[in-house]
Amino acid sequence: MSLVHLADVHKEYRLGATSVHAVRGVSLEIREGELVSIVGPSGCGKTTILNMIGCIDRPTRGTVRFDGQDVGHLSDSQAAQMRLRSIGFVFQSFNLVPVLSVRENIALPMVLAGASKRERRETTDHLMDAVGLTEFAAHKPGELSGGQRQRVAIARALVNSPRLVIADEPTANLDSETGGDVLDVMRRLNRDEGVTFIFSTHDEKILRYAGRIVKLRDGVVEGVDGEQPECT
Ligand SMILES: Nc1ncnc2c1ncn2[C@@H]1O[C@H](COP(=O)(O)OP(=O)(O)O)[C@@H](O)[C@H]1O
Ligand SMILES: [Mg+2]
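These figures come from a predicted structure and were not determined experimentally. (Residues numbered from 1 in each chain as written. Chains lettered and ligands numbered in written order. Predicted model: local features only at pLDDT ≥ 70, side-chain atom pairs only at ≥ 80, totals over all residues. Heavy atoms only, no water.)

A. Highlighting the environment of N173. By the secondary structure assignment, N173 is in the loop between β7 (164–168) and α6 (176–193). Note on N173: relative accessible area 44%, which makes it partly exposed. For N173 and G146, which are 27 residues apart along the polypeptide, the C-alpha to C-alpha distance reads 7.6 Å. Sequence-distant contacts of N173, that is, excluding residues within four places in its chain, are made with Q92, S93 and F94. (Helix = DSSP H or I, 4+ residues; strand = E, 2+ residues; numbered from the N terminus. Buried < 20%, exposed > 50% of the residue type's maximum accessible area, 1.4 Å probe, protein only. Contact = heavy atoms within 4.5 Å.)

Given below as structure tokens:
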């Protein structure tokens, strides 16, 4: 079964008398274990699509299914539970808490989910190792480079063992080499731990990191590169 399924999804933003038709009939399927990239220029609708998949926003028309469930009609609290339990987010601007250490930042969603102290320690140990930040456990975000901060954000996105990690332009604030390193971390976690990733970018140079590439332009899918894996 597909993990994410979009069927003829539209999103219209109303701004007073005018409206912006940001997404215009997108259909898309993502299977568990995939690493998919949504690529296109600024304003083409990448964030809008990721927000609908991530239960942050709802489609105006069409259906968005997550794990078989129509998430376009969840209540606000159901959507919040879905985000906390099933989806990890990585943002362009990292969004770390400056006064917390690397370990505490990574553990934060586990605190919200009510995990025990021992579970938190085991999971953060494992994830800091997986993203190469063990020696920075006690550092604050301000003491880290951009690439290291984004690796903290990736680890934080994974702590509650989400079904899907959504990364919206995770490399936009990084130089291309550091951005490549961050995508390498995602690719390794995808390959070794089976984490399903969907990330967006406007940078065509980093396309080689994705298993499948969805090209978006003006709110429609212009083309898809790469095979969708067979259903197993
Ligand atoms: N909250 C909003 N209200 C009104 N228009 C919006 C809003 N969010 C995005 N848009 C518009 O929708 C279009 C797609 O935006 P977005 O999904 O952010 O694109 P991208 O992430 O690819 O840069 C753009 O024209 C943008 O201006
Ligand atoms: Mg965007």
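B. Broad picture of the site of ligand 1. Taken together, the residues surrounding ligand 1 are Y13, L15, V20, A22, P41, S42, G43, C44, G45, K46, T47 and T48. Look at ligand 1: alone it shows 560 Å² of surface, and the protein chains cover 64% of it. Mapped by element, the contributors of at least two residues to the shell around ligand 1 are β1 (2–15), β2 (18–31) and α1 (46–53). Top contributing element to the shell around ligand 1 by residue count: α1, with 3 residues. Grouping the constituent residues of the shell around ligand 1 by class yields 6 nonpolar, 5 polar and 1 charged. (Near = heavy atom within 4 Å. Areas by Shrake-Rupley, 256 points an atom, 1.4 Å probe, with all protein chains shown as cover. Nonpolar A, V, L, I, M, F, W, Y, C, P; charged D, E, K, R; others polar.)

C. Seen up close, the layout of surface pockets. By volume, the largest pocket amounts to about 350 Å³. Lining the largest pocket are 15 residues, and of these R83, L84, I87, F89 and P109 lie nearest its centre. The element that contributes the greatest number of residues to the lining of the largest pocket is strand β6 (residues 87–91), accounting for 4 residues. A breakdown of the residues in the lining of the largest pocket according to their chemical character gives 10 nonpolar, 3 polar and 2 charged. Looking at the second largest pocket, its volume works out to about 220 Å³. Every residue along the wall of the second largest pocket is listed here: L100, S101, R103, E104, A107, L108, V111, K117, R120, R121 and T124. Only α3 (102–112) and α4 (117–130) provide two or more residues apiece to the lining of the second largest pocket. (1 Å grid on protein atoms, 1.4 Å probe; cavity = no way out; pocket = protein on both sides within 12 Å on 5 of 7 lines; lining within 4 Å. Points joined across faces, edges and corners; volume = space filled by probe spheres on them.)

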